[in-house]
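Observations on chain architecture
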Amino acid sequence: MLLVSGALAATAAVGYAQFATYTTADITKTTDGKAFVQLFGALHQLYLRPLDDGKLMSGAIKGMIASLNDEFTYYEEPQDNQTSQENLSGEFFGIGIQLTAANTDGTGAKVDTVFKTGSAIQGGVQTGDIFLKIGDKDVTAMSLNDVVRLVRGEKGTKVNITFGRGKSTYAVALERQPVTIISVEQTMLPNNVGYIALNTFFSEKVNEQFSAAVQSMNKKGVKKLILDLRDNGGGLLSSGVFVADQFLQKGPIVSLRDGKGKTTVYDTAKAQPTDYTGQLVLLINKNSASASEIVAGALQDTKRATIVGETSFGKGVAQTPVQLVNGAEVRIVANEWLTPNGRQIQKKGITPDIKVDDNRRPIPLNFTGSGVKAGTKLTLNVSGKPVDVVADKDGKFTYIAPPAPQTRSAEQGVAVVDPAKDAELAAALKQFK
């Protein structure tokens, strides 16, 4: 399989044996290879403190990848790869919540959504609760991925979590139960306009879930449909093709060009009785990438849909994932992809037919200041409310307002939208006649 996504996605692995033509003996055939082995030995012989060979080799691998200066060829540690593979399968054992980072630097975790099924809602967990401890471990500064790994586990086992809520804390033991990731959300808008949002292509269950959503719209007699791919960073190339094919009856969907310049049509649309054939508007924003752009490019080139929103991210390359023997994975950029009309969108993106800024998440108020003594506590009035900031060792202070909360349904698969607060969605509705 091929991957068309950013650094958070993964897919089925390419076997190590495919690359057995290049062996470890080849490393010492070059001067630089001999220098690497020499350095490894010198560190073991001379370095003052104990060495961790795993960290040394991980650093060497990351350095090799970094030398390519390619943001889409990257290495994922074994533990992170395990989480990615669980996400890819679309199923794992957890407590029935969606997490987001608690701190502005991306660390920590807080509850973004509590789903109607799962032990979290049964245990009284609420949206906005902050993870303080898992077992005896303080997780307030831990990476979000590490928190996720601690929350997940074997079916039927329990995880003890201490949450913070406002100025109080509480602890609860929650049982890990089966969780299925629902990547497709849908609802009906006035005048029988259907709405389907696809949040990611990074799940083996996307095809099944998206097909079911399209069939639901067909059964309701929907002739006007909005497909929302905003903030969808991509995933499996095959799923991008599958989604585009639900709206196309013929012609190429996407082509791949390798490093030697050879271009091959990856897949062609096929007319199916289950296809949606009514009016179609596609929403994209600056975070729509890869597989999302494949869909947008195919629907735009064939004039199948009106594209509304912001110019997309611009990731026009596909990666081949390589599963390493240590459980890690490397995603290697192996192809660039082209739209049906032969457009290469790398670093260009898809330009919408109708440009509208995404106004759903206004930039939070933030400011910095200086000129006071280290440790000084200042109370400032922000929007009529007092805000406390403390100066650092250099006398500087910073305030970053929390982002506006986004309303989400507690029922997976149900979309919550409001055209009155969503300029792109409102513009999409105006396209229907």
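Residues numbered from 1 in each chain as written. Predicted model: local features only at pLDDT ≥ 70, side-chain atom pairs only at ≥ 80, totals over all residues. Heavy atoms only, no water.

Describing the sheet that holds strand E12 (residues 193–198)
Hydrogen bonds between backbone groups are what pair the strands of a sheet, and the pairing can be parallel or antiparallel. Overall, mixed pairing links the six strands, which are arranged E11-E12-E13-E17-E18-E21 in an open sheet. In the strand order of this sheet, the two ends are held by strand E11 (184–189) and strand E21 (354–355), each with one partner. Of the pairings in the sheet, the one linking E12 to strand E13 (residues 224–228) comprises five bridges and is parallel in character. Bridge assignment links Ile196 to a residue of E13, and that residue is Leu227. (Pairing = 2+ DSSP bridges. Helix = DSSP H or I, 4+ residues; strand = E, 2+ residues; numbered from the N terminus.)

Description of the side chain of Gln246
Of note, Gln246 is situated in the loop between helix H7 (237–245) and strand E15 (252–257). Excluding residues within four positions of it along the chain, Gln246 makes contact with Phe210, Val214, Gln272, Asp275 and Tyr276. (Contact = heavy atoms within 4.5 Å.)

Quick look at helix H8 (residues 291–301)
Where burial is concerned, most of H8 is hidden: 11 out of the 11 residues are buried. Of the positions making up H8, those classed as buried are Ala291, Ser292, Glu293, Ile294, Val295, Ala296, Gly297, Ala298, Leu299, Gln300 and Asp301. Just downstream of H8, Lys303 is the residue with a positive phi angle, here 55°. (Buried < 20%, exposed > 50% of the residue type's maximum accessible area, 1.4 Å probe, protein only.)

Some details on the UniProt feature "domain: PDZ" (unreviewed entry) in the protein chain
Per the UniProt annotation, the sites labelled "domain: PDZ" (unreviewed entry) are residues 89–152. The distance from the first to the last C-alpha atom of residues 89–152 is 14 Å, and the span holds 20% helix and 31% strand. (UniProt positions renumbered as here; feature names shortened; annotations may be inferred.)

Considerations on the confidence of the model for the protein chain
Summarising the model, the protein chain shows a mean pLDDT of 92, and 96% of its residues fall at 70 or more. When the criterion is pLDDT under 50, residues 7–18 qualifies, and its contacts beyond four places in sequence or with other chains add up to 40 contacts. (pLDDT = per-residue confidence, 0-100.)

Details of a nonpolar patch on the surface
Where nonpolar side chains cluster on the molecular surface, the patch consists of Tyr22, Ile27, Phe36, Val37 and Met57 and spans about 450 Å² of accessible area. Structurally, Phe36 is set in helix H1 (residues 31–46). Residue Phe36 is classed as partly exposed on the basis of its relative accessible area of 38%. (Patch = residues over 30% accessible without salt bridge, like charges linked within 9 Å, V, L, I, M, F, W, Y side chains within 5 Å. Areas by Shrake-Rupley, 256 points an atom, 1.4 Å probe, with all protein chains shown as cover. Salt bridge = Lys/Arg side-chain N within 4 Å of Asp/Glu carboxyl O.)

Section: the pairing of E12
The side chains of a regular strand alternate between the sheet's two faces. Among the six residues that make up E12, six are buried, leaving the element largely enclosed by the rest of the structure. Along E12, one buried face is formed by Val193, Tyr195 and Ala197 and the opposite face, lined by Gly194, Ile196 and Leu198, is buried too. Where E11 lies against E12, six bridges are found, and the strand directions are antiparallel. Each residue of the ladder has a partner; that of Met188, found in E12, is Gly194. The loop that links E11 with its antiparallel partner E12 comprises three residues; one of these, Asn191, has a positive phi angle of about 65°. Crossover connection from E12 via helix H6 (residues 206–219) to parallel E13: handedness right-handed. (Right-handed = clockwise from strand over helix to strand, strands pointing away.)

Thoughts on the domain arrangement of the protein chain
Domain parsing of the protein chain yields domain 1 (91–180), domain 2 (184–359 + 425–430) and domain 3 (366–400). Just the C-alpha atoms count here: the centres of domain 1 and domain 3 sit 31 Å apart. (Domains from an automatic or database assignment.)

Describing unusual backbone geometry
One non-glycine residue, Asn69, lies in the positive phi region at around 55°. Relative to the elements of secondary structure, Asn69 occurs in the loop between helix H2 (53–66) and strand E2 (74–76). Residue class for Asn69 comes out exposed when judged on its relative accessible area of 72%. Even without being a glycine, Asn191 presents a positive backbone phi close to 65°. Relative to the helices and strands, Asn191 is located in the loop between E11 and E12. The exposure class of Asn191 is exposed, given its relative accessible area of 72%.

Topic: the environment of Lys137
With respect to the helices, strands and loops of the structure, Lys137 is situated in strand E7 (residues 137–138). The exposure class assigned to Lys137 is partly exposed, which follows from its relative accessible area of 48%. In sequence terms Lys137 and Leu150 are 13 residues apart; their C-alpha atoms lie 9.6 Å from each other. For Lys137, the contacting residues outside a window of four places in its chain are Leu132 and Leu150.

What to know about H7
Across the nine residues that make up H7, a large majority, seven, are buried. Considered for burial, the residues of H7 that qualify are Leu237, Ser239, Gly240, Val241, Val243, Ala244 and Asp245.

A short note on the pattern of salt bridges
This model, assessed by the stated rule, comprises 22 salt bridges. One salt bridge connects Arg165 with Asp129, and the closest N-O pair in it is separated by 2.9 Å. Of the two residues, Arg165 is situated in strand E8 (residues 158–165) and Asp129 in the loop between helix H4 (119–122) and strand E6 (130–134); the sequence distance between them amounts to 36 residues. By relative accessible area, which is 28% here, Arg165 ends up partly exposed. Overall, the relative accessible area of 1% leaves Asp129 in the buried class. Across the pair Asp146 and Arg149 runs a salt bridge, and its minimum N-O distance is 1.9 Å. With Asp146 and Arg149 both in helix H5 (residues 144–151) and three residues apart, the pair spans about one turn of that helix. Judged by relative accessible area, which is 28%, Asp146 ranks as partly exposed. Judged by relative accessible area, which is 22%, Arg149 ranks as partly exposed. Through salt bridges with shared partners, a single ionic network connects Asp228, Arg230, Asp422 and Glu424.

Observations regarding the packing of aromatic side chains
Going through the model one piece at a time under the given rule, you end up with six aromatic pairs. Pairing Phe247 with Tyr276 gives two aromatic rings, centres 6.2 Å apart and planes at 80°, and the pair type is edge-to-face. One end of the pair, Phe247, is in the loop between H7 and E15; the other, Tyr276, is in the loop between strand E16 (263–268) and strand E17 (279–284), with 29 residues separating them in the sequence. Residue class for Phe247 comes out buried when judged on its relative accessible area of 0%. Linked through ring pairs, Phe131, Phe163 and Tyr170 together constitute an aromatic cluster. Its guanidinium or amino end placed over the ring of Phe92, Arg152 lies 3.6 Å from that ring's centre, counting from NZ or CZ. Stacked on the ring of Phe72, the Lys or Arg Lys315 has its end atom at 4.9 Å from the ring centre. (Phe/Tyr/Trp six-rings, centres within 6.5 Å; stacked < 30°, edge-to-face > 60°. Lys NZ or Arg CZ within 6 Å of the ring centre and 35° of its normal.)

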